[in-house]
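Residue strings, one per chain:
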Amino acid sequence: MSTAIPADTTAKFADYADGSRLVSTEWVAEHAGEPGLVIVESDEDVLLYETGHIPGAVKVDWHTELNDTVTRDYVDGEGFAALMSAKGISREDTIVFYGDKSNWWAAYALWVFSLFGHEDVRLMDGGRSKWQAEERELSTEKPRREPTEYPVIDRDDSTLRAFLLEVRDSLGKRPLIDVRSPEEYSGERTHMPAYPEEGALRGGHIPTAASVPWAKAANEDGTFKSAEELKAIYTDEAGLGTADEVIAYCRIGERSSHTWFVLQHLLGYTSVRNYDGSWTEWGNVVGVPIVTGSEAGEVPSR
Amino acid sequence: MTADTDAAMADNSDLPESLVEIVEDFAETETGDRLQLLLEFASELPEVPQRYSDHPELLEPVPECQSPIFVVTEVENPEQGDAAIVKLHFSAPPEAPTTRGFAGILHEGLNGQTAEVVLSIPSDLPLRLSMTEIVSPLRLRGMSGMLSRIQRQTSERIGKITGQ
């Protein structure tokens, strides 16, 4: 981690495997504007930033900026460098992400930035709603940051990201975590409650996957649960134990980024990968095994 | 991008003037400024009258939208059928500005129009707003969900069955 921007010394964070990945709203209020620190807002609602944001924060939109516009994939190294330059972000900068929906999309952006190896990325615990609930300052003024010379870095798809074939080969060898709602897990529905149908032909889950809806990791106010609570949920109840490698998935890879952050940074699992193809891929592929109902299911014999 | 150019060039003669104006405003606005325009619609969305804020059960939810929104369609003098005047009310929270923006567009374009006009609005209206590059297709589908509910409620109010 870069040493220029200090870590948040909030006591709660010290109990996590890497508590320096989190900062509090107080910390952000205190440090915003310091050179070398960039605050990035990433929301599901594309207009929320425009209604008012943390003063000085820049916006990164998952749909229009992090995705390739043609292929179902993220931007490539050149695209990412161009985006960072346009946002005025340098390779050495510390980035603090925050957003709506308990930081769900902020965690997604953080994960994509991590694919490009941007080193010092942190989340603001509690996200946008906590900042607003505390009646902290919001601004509609868009910051003008000087374009930077961000290097072109190849995206590393092998460390933090899992693809269909790897997931299929993992069955029975590595634990899988399904972070969708119980109804999606059982196959009753193929999309989130109260969300539109997004096109999966089959319902259910990947055999052997444990069901841990992503929101279990968050408190009412959107902050992360304590290290001890998280350990009880994932290590014990979901049975991850001391696994070396874990793969998380959801519907398109956004909710599972939130869980990825928890497992990788807060609980310190060595190798956690997000399967971003997730159910919209698995639920449409010909011939892959699917389990319905609330049981995890067995590894298929062939 | 072709989608938006097509939208600007498209024949909008099947839309009422109020919506043609909105469609053209979006098409003529630089891509980077379109969100600002949508935000204006979000801010201009009127509050629901108290008779509905006191009785939220009278409002119909729109599950196609990613954020909670409720819509209710009122028809003055329903016995006038197609010529009856339609009034629209929407309720959406401030933390869902995109959804509010869509509701604002429908309010501006359709409130006070006749039932005939409301029922004639083509279902591809959201795709004509030059927003396919800035807003995900799922969200645009949410706007279609609002429109189809407004049309179904209008049909019901004037006693016309449209097979929806």
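Quick note: structure is the one above.
Residues numbered from 1 in each chain as written. Chains lettered and ligands numbered in written order. Predicted model: local features only at pLDDT ≥ 70, side-chain atom pairs only at ≥ 80, totals over all residues. Heavy atoms only, no water.

## Some details on the packing of aromatic side chains
To keep things clear, this is the line we draw: By convention, a stacked pair of Phe, Tyr or Trp rings (six-membered ring in the case of Trp) has centres within 6.5 Å and planes under 30 degrees apart, an edge-to-face pair has planes over 60 apart, and any other such pair is tilted. Each helix is a run of DSSP H or I of at least 4 residues and each strand a run of E of at least 2, with the numbering of both proceeding from the N terminus. Think of it in three bands: residues with accessible area under 20% of the maximum for their type are buried, residues over 50% are exposed, and the middle band is partly exposed, with areas taken using a 1.4 Å probe on protein chains only.
The tally for this structure, following the rule as stated, stands at 15 aromatic pairs over all chains. Measuring from ring centre to ring centre gives 5.9 Å for Phe-26 of chain B and Phe-41 of chain B, while their planes differ by 20°; the resulting arrangement is stacked. Here Phe-26 of chain B, found in helix α2 (residues 17–28), pairs with Phe-41 of chain B, found in helix α3 (residues 34–44); they are 15 residues apart in sequence, far enough to count as distant. The same class applies to Phe-26 of chain B and to Phe-41 of chain B, which are both buried. Taken together, the ring pairs in this structure connect Trp-62, Tyr-74, Trp-104, Trp-105, Tyr-108, Trp-111 and Trp-214 of chain A into an aromatic cluster.

## Notes on empty space enclosed by the protein
Put simply, the rule reads: Think of a 1 Å grid over just the protein atoms. A cavity is a set of points where a 1.4 Å probe fits yet cannot get out, a pocket is an open set with protein on both sides within 12 Å along at least five of seven lines, and lining residues have an atom within 4 Å of a point. Grid points are joined across faces, edges and corners, and a volume is the space filled by probe spheres set on the points. Polar here means any residue other than Ala, Val, Leu, Ile, Met, Phe, Trp, Tyr, Cys and Pro, which are nonpolar, and Asp, Glu, Lys and Arg, which are charged; Gly is therefore polar.
What the rule picks out here adds up to two cavities of 30 Å³ or more. For the largest cavity, the calculated volume is near 50 Å³. Together, 10 residues line the largest cavity, and Glu-44, Val-46 and Trp-62 of chain A together with Ser-136 and Arg-139 of chain B are the ones closest to its centre. Residue composition of the lining of the largest cavity, by class: four nonpolar, three polar and three charged. When its volume is computed, the second largest cavity comes out at roughly 40 Å³. In terms of lining residues, the second largest cavity is bounded by Glu-41, Ser-42, Asp-43, Asp-45, Val-46, Leu-47, Leu-48, Tyr-49, Lys-59, Val-60 and Asp-61 of chain A. By residue class, the composition of the lining of the second largest cavity is five nonpolar, one polar and five charged.

## Considering unusual backbone geometry
Residue and element names in this part refer to chain A. In this structure, Lys-101 takes a positive phi of about 50° despite not being glycine. Here Lys-101 shows up in the loop between β4 (94–98) and α5 (104–115). A relative accessible area of 31% means that Lys-101 is categorised as partly exposed. Not every positive phi belongs to a glycine, and Thr-208 is a case in point at roughly 80°.

## A closer look at the pattern of salt bridges
All names here are of chain A. Our working rule: A pairing counts as a salt bridge when a side-chain nitrogen of Lys or Arg comes within 4 Å of a carboxyl oxygen of Asp or Glu.
Tallied over the full model, the rule gives 30 salt bridges over all chains. Residues Arg-161 and Asp-73 are paired through a salt bridge, measuring 2.9 Å at the closest nitrogen-oxygen approach. Taken together, the residues Arg-161 in the loop between α6 (127–133) and α7 (164–170) and Asp-73 in the loop between α3 (62–66) and α4 (77–87) connect sequence positions 88 residues apart. Given the relative accessible area of 21%, Asp-73 is considered partly exposed. As a salt-bridge pair, Arg-255 and Glu-184 come within 3.0 Å of each other at their nearest N and O atoms. One end of the pair, Arg-255, is in helix α10 (residues 255–266); the other, Glu-184, is in helix α8 (residues 182–186), with 71 residues separating them in the sequence. Summarising the burial analysis for this pair, Arg-255 and Glu-184 share the class buried. In the salt-bridge network here, residues are joined through shared partners; they are Asp-73, Arg-155, Asp-157, Arg-161 and Asp-276.

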